[in-house]
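# Geometric and topological summary
Letter by letter, the chains look like this.
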Amino acid sequence: MDMGNRDTIGRRILIVGGTTEARELAGLLVDAGYEVITSLAGRTDTPRFPAGIVRIGGFGGKEGLARYIGENCIDLLVDATHPFAAQISANCVAAAADADVPLIRLERPAWKKPEGATWIEVGTAQDAADALPRGARVLLTVGRQELGPFLAYTGCHYTARMIEVPAGLPDDWRVIAARGPFTLEDELHLMQERGITHLVTKNSGGTQVAGKLEAAVQLSIPIIVIKRPRLPKANAVDSVVWAHQSVTRIFRTG
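The present account deals with the structure reproduced in this document. Note that the structure is predicted; figures quoted are calculated from it, not measured. (Residues numbered from 1 in each chain as written. Predicted model: local features only at pLDDT ≥ 70, side-chain atom pairs only at ≥ 80, totals over all residues. Heavy atoms only, no water.)

### Quick look at the packing of aromatic side chains
The tally for this structure, following the rule as stated, stands at four aromatic pairs. Ring centres of phenylalanine 150 and tyrosine 158 lie 6.1 Å apart, and the angle between their planes is 75°; this geometry places the pair in the edge-to-face category. Exposure remark for phenylalanine 150: the relative accessible area of 0% places this residue in the buried category. Relative to tryptophan 173, the ring of tyrosine 158 lies with its centre 4.7 Å away and its plane at 40°, an arrangement referred to as tilted. In this pair, tyrosine 158 is assigned in strand E8 (residues 157–162) and tryptophan 173 in the loop between E8 and strand E9 (174–177), connecting sequence segments 15 residues apart. The buried category is assigned to tryptophan 173, whose relative accessible area is 9%. Just above the ring of phenylalanine 59 sits the side chain of arginine 55; from NZ or CZ to the centre is 4.0 Å. Between the NZ or CZ atom of lysine 202 and the centre of the ring of phenylalanine 84, over which it lies, the distance is 5.0 Å. (Phe/Tyr/Trp six-rings, centres within 6.5 Å; stacked < 30°, edge-to-face > 60°. Buried < 20%, exposed > 50% of the residue type's maximum accessible area, 1.4 Å probe, protein only. Helix = DSSP H or I, 4+ residues; strand = E, 2+ residues; numbered from the N terminus. Lys NZ or Arg CZ within 6 Å of the ring centre and 35° of its normal.)

### Observations concerning the nonpolar core
Judged by nonpolar contacts, the single largest core of 21 residues is most densely connected at Leu132, Leu140, Phe150, Tyr158 and Val200. Among the secondary structure elements, those contributing two or more residues to this core are helix H4 (125–130), strand E7 (137–141), E8 and strand E11 (223–226). Leave out the neighbours within four places in its chain, and leucine 132 touches Val138, Phe150, Tyr153, Cys156, Tyr158, His198, Val200 and Ile224. By size, the runner-up hydrophobic cluster in this structure holds 20 residues, among which are Leu29, Tyr34, Leu76 and Ala243. (Core = buried A, V, L, I, M, F, W, Y, C linked by side-chain atoms within 4.5 Å. Contact = heavy atoms within 4.5 Å.)

### A short note on the environment of proline 170
With respect to the secondary-structure elements, proline 170 resides in the loop between E8 and E9. Since its relative accessible area comes to 30%, proline 170 is described here as partly exposed. Separated by 135 residues in sequence, proline 170 and glutamate 35 have C-alpha atoms that sit 46 Å apart.

### Description of the packing of helix H2 (residues 61–71) against helix H3 (residues 86–99)
Their axes nearest at 8 Å, the elements H2 and H3 cross at an angle of 45°. Taken together, the axes of H2 and H3 are oblique relative to one another. The way H2 lies across H3 gives a crossing that is right-handed. Contacts from Gly61, Lys62, Leu65, Ala66 and Ile69 in H2 reach Asn91, Cys92, Ala94, Ala95, Asp98 and Ala99 in H3. Residues that form the contact of H2 with H3 fall into these classes: seven nonpolar, two polar and two charged. (Axes fitted to C-alpha atoms, helices over the stretch in contact; angles between N-to-C directions. Parallel < 35°, antiparallel > 145°, perpendicular 65-115°, else oblique. Left-handed = near helix turned anticlockwise from the far one by under 90°. Nonpolar A, V, L, I, M, F, W, Y, C, P; charged D, E, K, R; others polar.)

Written as structure tokens, this is what we have:
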């Protein structure tokens, strides 16, 4: 373990987000000697904790985040939130500017249309529900916060997979509480067992959940993909390695 050098000692970094990339980056930065605080939203009951200091809960908008940065002597802010956490990303941009600290956004690459896929891009969860034909057998992997339009559209048979399951889902839904990654073999088995005719997913990107896309292609299942929201401009990198290098460069030239 690197116990720190003149570029890392005393440097305090705030990472916002509970993604896999956030955890990986926190581990690298702690090993390099930085003091790292990772902030988790607290929306799941069983979060995976990263190395370093962990805080749980919101900041109270961009003003609260800027205040936290100032009061805790944060030298650098890293937005490593989920690609669909648009409001939090906007708050990070505004708070970093207000607090006059550098910001790095760690943004995993979006999925591209796999060769041979029936790939239907839509703007919202409502658009995705509207694109489903009546009687479809749907594998739904959009998370618990986007279920509303599908609950309202009762003309399909749903298999919904999410990390934590909200109360009150219909009795005729099959609900799978599971955390990825899932292998291609797992996804093929699930889709064949459930007779899935359509896959609905957010374009979360990365490699951990791409098995479902490949399985859908192999089984000729249409993929309805909810596009990512637009985010305000920021210094963005697409991998943990590049984020780590960017942190090093900022402190060496700062």
